[in-house]
Amino acid sequence: MDCKEALPLLHEYLDGGLSAAQSSQLKEHLLGCADCRARLQEYEKMEALVHAWTPPSVPDDLTEKIMRALPPVKRHNALYRFIRKHPAASVAAVFAMVMLSSFLSTWNDDQVLAVKGPDLQSVVIKGDTVYVPAGSIVAGDLTVENGKLQVDGDVKGNVVVIDGSVNYASTAHISGQIKQIDEVFSWAWYKMNAWLAQVSDVK
Ligand SMILES: [Zn+2]
């Protein structure tokens, strides 16, 4: 079994719908595939989140909190009315749909190391690690996606690490802000916002 075949089985597994044969096939794949193990962990986190958001009986103020946490939606449209009527179910449905579609369609293709910034001359890339060597200066912002960043020198700007880790030596100087983004979550929020905007524009 390859990862493509394992992916739908992971979802089935979380729904408890796997046959004994499928389940042992999936287990076998998981034993040999760190990527899918990590994926399963993410899904389980998501599941826990969705469950946390939809307790069997939702107290009124919690419902209100969930409503407020949702991106603003134009009043007087069908979606808004539906959400008002079924707040907890809607949040869970939207959230699950967004998670599923973003994972299935784009998540897998997007794991390439990327380095962005106006001044990358002194930046060194080795394997999945991006180095700012001691004594060197990056004159501007530095963004690293899907990799590790090791700063030994100076960054005259903001440092942004998306889906990666960052390590600063004692010789490092960062003049701007340091921001670490876990893209699983920001991506989900981005997709959810985009989806809601789309739906609420349809009259
Ligand atoms: Zn796999």
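What counts and how
Residues numbered from 1 in each chain as written. Predicted model: local features only at pLDDT ≥ 70, side-chain atom pairs only at ≥ 80, totals over all residues. Heavy atoms only, no water. UniProt positions renumbered as here; feature names shortened; annotations may be inferred. Helix = DSSP H or I, 4+ residues; strand = E, 2+ residues; numbered from the N terminus. Buried < 20%, exposed > 50% of the residue type's maximum accessible area, 1.4 Å probe, protein only. Contact = heavy atoms within 4.5 Å. Phe/Tyr/Trp six-rings, centres within 6.5 Å; stacked < 30°, edge-to-face > 60°. Lys NZ or Arg CZ within 6 Å of the ring centre and 35° of its normal. Expected span 1.5 Å × (residues − 1). Polar contact = N/O pair within 3.5 Å; in protein donor to acceptor, adjacent residues only side chain to side chain. Donors = N, O, S within 2.8 Å, 3.2 Å for Na, K, Ca; no water. Tetrahedral: all angles 85-135°; square planar, octahedral: opposite > 155°, others 65-115°. Arc of directions from axis to C-beta. Core = buried A, V, L, I, M, F, W, Y, C linked by side-chain atoms within 4.5 Å. Pairing = 2+ DSSP bridges. Salt bridge = Lys/Arg side-chain N within 4 Å of Asp/Glu carboxyl O.

- Per an unreviewed UniProt entry, the protein chain goes by the name Anti-sigma-W factor RsiW and belongs to Paenibacillus validus.
- Under Sequence similarities (unreviewed entry), UniProt gives the following word-for-word description of the protein chain: "Belongs to the zinc-associated anti-sigma factor (ZAS) superfamily. Anti-sigma-W factor family."

1. Side note on the overall build of the protein chain
Thought 1: Along the protein chain, the regular secondary structure elements total seven helices and 11 strands.
Thought 2: Split into buried and exposed, the 203 residues of the protein chain put 37% on the buried side.
Thought 3: Across the protein chain, every contact between residues at least 6 apart in sequence was considered, and the portion connecting residues at least 24 apart equals 38%.

2. Structural notes on the packing of aromatic side chains
Between two aromatic rings, the relevant description is the distance of the centres plus the angle of the planes.
Thought 1: Counting across every chain of the model gives zero aromatic pairs.
Thought 2: If you follow Lys-126 out to its NZ or CZ, it ends over the ring of Tyr-131, 5.5 Å from the centre.

3. Topic: helix H1 (residues 3-15)
Thought 1: An ideal rise of 1.5 Å per residue puts 18 Å on 13 residues; H1 measures up with 19 Å between its terminal C-alpha atoms.
Thought 2: Between the side-chain oxygen of the N-cap and the backbone nitrogen of Lys-4 there are 3.2 Å, and the N-cap of H1 in question is Asp-2.
Thought 3: Phi turns positive one or two residues past the end of H1, at Gly-16, with a value near 75°.

4. Brief notes about the coordination of the zinc ion
Thought 1: For the zinc ion, the full set of protein donor atoms is Cys-3 (SG), His-29 (NE2), Cys-33 (SG) and Cys-36 (SG), and the range of their distances to it is 2.0 to 2.3 Å.
Thought 2: Around the zinc ion sit four donor atoms; with metal-centred angles ranging over 98 to 116°, the donor geometry is tetrahedral.
Thought 3: Look at where the donors of the zinc ion fall in the sequence and you get C-x25-H-x3-C-x2-C.
Thought 4: Look at His-29 and you get buried, because its relative accessible area is 11%.

5. As for helix H2 (residues 20-32)
Thought 1: Helix length check: H2, at 13 residues, gives a terminal C-alpha distance of 19 Å against a target of 18 Å (1.5 Å per residue), a fit within 8%.
Thought 2: If you check which residues of H2 are buried, you get Ser-23, Leu-26, His-29 and Leu-30. Angularly, the buried residues of H2 cover 125° about the axis, an arc narrow enough to put them on a single face. Structural note: H2 exposes Ala-20, Ala-21, Glu-28, Leu-31 and Gly-32 on the side pointing more than 90 degrees away from its buried face.

6. Some thoughts on the nonpolar core
Thought 1: Ranked by size, the top nonpolar core spans 13 residues in total, and within it Val-132, Leu-142, Leu-149, Val-151 and Val-155 carry the most contacts.
Thought 2: Only strand S3 (129-132), strand S5 (142-145), strand S6 (148-151) and strand S8 (159-162) provide two or more residues apiece to this core.
Thought 3: Not counting chain neighbours up to four residues away, the residues in contact with Leu-149 comprise Val-130, Val-132, Leu-142, Val-144, Val-159, Val-161, Ser-165, Val-166 and Asn-167.

7. A few points about the sheet that holds strand S10 (residues 173-174)
Thought 1: The three strands lie next to each other as S4-S7-S10, forming an open sheet whose pairing is parallel. Unpaired on one side and paired on the other, strand S4 (137-138) and S10 mark the two borders of the sheet.
Thought 2: Pairing analysis gives two bridges linking strand S7 (residues 154-155) to S10, with the strands arranged parallel. If you follow Asp-154 over to S10, its bridge partner there is His-173.

8. Some points on the pattern of salt bridges
Thought 1: Applying the stated rule across the entire model yields three salt bridges.
Thought 2: A salt bridge links Asp-128 to Lys-148, with the nearest nitrogen and oxygen atoms 3.7 Å apart. Taken together, the residues span a long stretch of sequence, with Asp-128 in the loop between strand S2 (124-126) and S3 and Lys-148 in strand S6 at a distance of 20 residues.
Thought 3: Judged by its relative accessible area of 40%, Asp-128 falls in the partly exposed class.

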